[in-house]
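Given next are the chains, with one letter for each unit.
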Amino acid sequence: MLNNEEKRKISLKNYEDWQKAIDKKDLRIAVIGIGRIGLPTSLVISKRGFMTYGIDINPVLVEKVNQGGGDPPIPFVLDEPNLAETLKDVVLKGLFKATTQFEQFAKISDVILICVPTPVTEHKVPDYSIIDNVVKDIGSLKDDLKNKIIIFEPTLGPHYVEKHGIPSIESFSGLKVNRDFWVVSCPERANPGYIMENLTSVPRIVGGSNDFAGKVITSLYKKVYNVEIIQVSNPRTANSIKLIENIFRTVNIAFANEISQLMRRLDIDYMEVLKGAATKYNFLPHYPGPGVGGPCLPSNPYYLIDDGYKVSFTPNLVRLATEINQRQPAHITELIFEGLNKIGYPIAGTPIAFLGISYKANVKDIQISSAIPIIEDLRNYNASVKVYDPFYKSDRFLNMKIAPDYKFIQQDYPIIVVHTDHKEFCTNEFKQYLKKCSNLKVLVDCHNIYEYQELPQGIYYIGVGRPAKYIE
Ligand SMILES: NC(=O)c1ccc[n+]([C@@H]2O[C@H](COP(=O)([O-])OP(=O)(O)OC[C@H]3O[C@@H](n4cnc5c(N)ncnc54)[C@H](O)[C@@H]3O)[C@@H](O)[C@H]2O)c1
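Residues numbered from 1 in each chain as written. Predicted model: local features only at pLDDT ≥ 70, side-chain atom pairs only at ≥ 80, totals over all residues.

Please set out the domain arrangement of the chain residue by residue, giving values where relevant.
Interface size is commonly expressed as the accessible area that is lost once the parts come together. If you check the domain split of the chain, you get domain 1 (4-233) and domain 2 (234-472). Each of domain 1 and domain 2 was reduced to a C-alpha centroid, and the two centroids are 34 Å apart. Between domain 1 and domain 2, the residue contacts involve 31 residues of the former and 26 residues of the latter. (Domains from an automatic or database assignment. Contact = placed C-beta atoms within 7 Å.)

Quick rundown of the site of the ligand? Include the residues and the values.
Near the ligand you find 27 residues, and of these Gly-33, Gly-35, Arg-36, Ile-37 and Pro-154 are the closest. Two domains each put at least three residues into the shell around the ligand: domain 1 (4-233) and domain 2 (234-472). (Near = placed C-beta within 6 Å.)

Explain the pairing of strand E5 (residues 149-152) to me, and be specific about the residues and the numbers.
Here E5 shows two buried faces, one formed by Ile-149 and Ile-151 and the other by Ile-150 and Phe-152. The pairing of strand E4 (residues 111-114) with E5 spans 4 bridges and is parallel. What sits directly across from Ile-114, in E5, is Phe-152. Once you follow E4 into helix H8 (residues 129-139) and on to E5, the crossover reads as right-handed. The pairing of E5 with strand E6 (residues 182-185) spans 4 bridges and is classified as parallel. The residue bridging Phe-152 from the neighbouring strand is Ser-185, located in E6. Regarding topology, helix H9 (residues 160-173) serves as the crossover connection from E5 to the parallel E6, and that connection is right-handed. (Buried ≥ 20, exposed ≤ 12 C-beta atoms within 10 Å, placed from the backbone. Helix = DSSP H or I, 4+ residues; strand = E, 2+ residues; numbered from the N terminus. Pairing = 2+ DSSP bridges. Right-handed = clockwise from strand over helix to strand, strands pointing away.)

With reference to specific residues and values, describe the sheet that holds strand E16 (residues 469-470).
Read from one edge to the other, the open sheet built from 6 strands follows the order E10-E9-E13-E14-E15-E16, with strand pairing classed as mixed. Where the open sheet ends on each side, the last strands, each with one partner, are strand E10 (384-388) and E16. The pairing of strand E13 (residues 415-418) with strand E14 (residues 442-445) spans 4 bridges and is parallel. Along E14, the bridge assignment pairs Ile-415 with Val-442.

How would you summarise the packing of helix H12 (residues 235-265) against helix H14 (residues 300-310) if you had to cite specific residues and measurements?
Two numbers describe how H12 lies on H14: the axes approach to 9 Å, and their chain directions differ by 115°. On the basis of the axis angle, H12 is roughly perpendicular to H14. The element H12 and its partner H14 pack so that their crossing is left-handed. Two secondary-structure elements touch here, H12 through Leu-243, Asn-246, Ile-247 and Thr-250 and H14 through Asn-300, Pro-301, Tyr-303 and Leu-304. By residue class, the composition of the contact of H12 with H14 is 5 nonpolar, 3 polar and no charged. (Axes fitted to C-alpha atoms, helices over the stretch in contact; angles between N-to-C directions. Parallel < 35°, antiparallel > 145°, perpendicular 65-115°, else oblique. Left-handed = near helix turned anticlockwise from the far one by under 90°. Nonpolar A, V, L, I, M, F, W, Y, C, P; charged D, E, K, R; others polar.)

Describe unusual backbone geometry, naming the residues involved and giving the relevant values.
With an omega of 0°, the peptide bond between Asp-71 and Pro-72 qualifies as cis. Position of Pro-72 relative to the elements: it lies in the loop between helix H4 (59-66) and helix H5 (75-79). The phi angle at Asn-362 is positive, at roughly 65°, despite the residue not being glycine. Structurally, Asn-362 is set in the loop between strand E9 (351-355) and helix H16 (371-380). Take Asn-362: there are 18 C-beta atoms within 10 Å of it, and that puts it in the partly exposed class. At Ser-394, a position not held by glycine, the phi torsion is positive, near 65°. Within the element layout of this structure, Ser-394 appears in the loop between E10 and strand E11 (396-397).

So, the environment of Thr-52: which residues are in play, and what are the values?
In this fold, Thr-52 is placed in strand E2 (residues 51-55). Residue class for Thr-52 comes out buried when judged on the 29 C-beta atoms lying within 10 Å of it. Separated by 206 residues in the primary sequence, Thr-52 and Glu-258 have C-alpha atoms spaced 46 Å apart. In this view, Thr-52 contacts Ile-29, Val-31, Ser-42, Ile-45, Ser-46, Leu-95 and Phe-96; residues no more than four positions away in its chain are not counted.

For the pairing of strand E1 (residues 28-32), give the residues involved together with the corresponding values.
A large share of E1 lies buried, amounting to 4 of its 5 residues. In this structure, E1 lies alongside E2, joined through 5 bridges in parallel fashion. The residue bridging Ile-32 from the neighbouring strand is Ile-55, located in E2. Crossover connection from E1 via helix H3 (residues 38-47) to parallel E2: handedness right-handed. In the sheet, E1 pairs with E4 via 4 bridges, with the strands oriented parallel. By the bridge assignment, Ala-30 is partnered in E4 with Ile-112.

So what about the sheet that holds E2? Which residues, and what values?
Across the sheet, which stays open at both edges, the 8 strands sit in the order E3-E2-E1-E4-E5-E6-E7-E8 with mixed pairing between neighbours. Either end of the sheet is taken by a strand with one partner, and the two such strands are strand E3 (96-99) and strand E8 (229-232). Between one strand axis and the next, the sheet turns through 25° on average, direction left out of account. In the packing of H9 onto the sheet, contacts are made with E5 and E6, and the angle to E6 comes to roughly 145°.

Take a look at the structure:
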């Protein structure tokens, strides 16, 4: 005699039964990896009423999540609007539980959603070791994997799922895809700092191991996120869409970084050029900066390049664009040197106020941040760098203590580098504060935040792609 759980599992073999379970919210979802992307994903799913298990190997994170955020809180609670409230709500309602117990909770789930990191190695090739381990764990569920759907949400090379993920699961489990279990690629497209909002507004791409799997997850995601779902032919197409949208940005940012360097040498303000060019209907402005950082833009091109190698094709433009962006932090160091030359200060021993270390505005994240090579460079020249970032007040960074606020600049800092365009550095309060810094002589603005007329008089302002300007 079959017990209820076994009957239920078998019933999830046809579309109508999945649809009924989706309508009744009678599905259990396991999310493997509850970091920057996996946690908000789990929260949105559980908030919709589906029992969700967040499985992670980090016991401290698991404990904090089960406490509704922990103290000191996990970083995403600090910089993802709406996350803290939703976390407390779903934990309290018993709809979400974090755990380190993979087997126990994956077994009882109908959908296993993978959300672990996919970094690149120092040699710039994809490091799939973390996801490979998860795939192996999933395959090791053997018969308990039957009739489940596995969703791949990480950013991956186009062919990872079909040529590696599925064959591995088949070989570890002894089961067959599209007969015993199904697989879907649905790469995550949310933007840090806006993840909760993006999850319920940005369309999702779904590519299944067969049409059935694609349709079931389309229906589930429609219910959960209430966004447009674009079902594509297969996982490799879904993975490519995610890669191409990020690589498009990488290439355009590289174009902006390179051309902006040329423009300033030609004594032309690239920001003014962009403003003009943007008036043409088919021009898409991308802005120069200190380089690209975070888990996505610096790494994603290498997944495509790596799959390209396997078919003897190198996307040269993509490769060159990543190299141009990697060289951009060194350009910022050059701008700092230029500023110091203008005022006749040596780099060694000069106090430099460095503001913002996050790789992007308003997030607590320093993964592959351009702040790291720039500060390391400056310290190699014996500059005396003091750092402040509103998300890392009084923390330690590169063996330095981060200042508790920016008020130290007034003391004796002739040069400020605004590295990250955090809101705090764009406020009137901050701009007024700059006017009180009587020793200030140079401002290097890595994101061209400031207008000339709002800057203190008597300083050199150096933007990216803008000729140095003495503010009179
Ligand atoms: N962060 C972003 O901006 C962003 C945006 C879109 C897509 N992505 C993609 O989403 C994926 C996840 O990235 P993230 O930023 O959330 O990573 P993250 O590092 O913030 O979180 C990953 C989590 O996975 C856990 N983990 C690692 N190995 C595990 C295992 N074997 N079992 C269970 N848990 C495990 C880690 O402990 C961590 O908590 C990556 O492929 C990334 O490229 C990230």
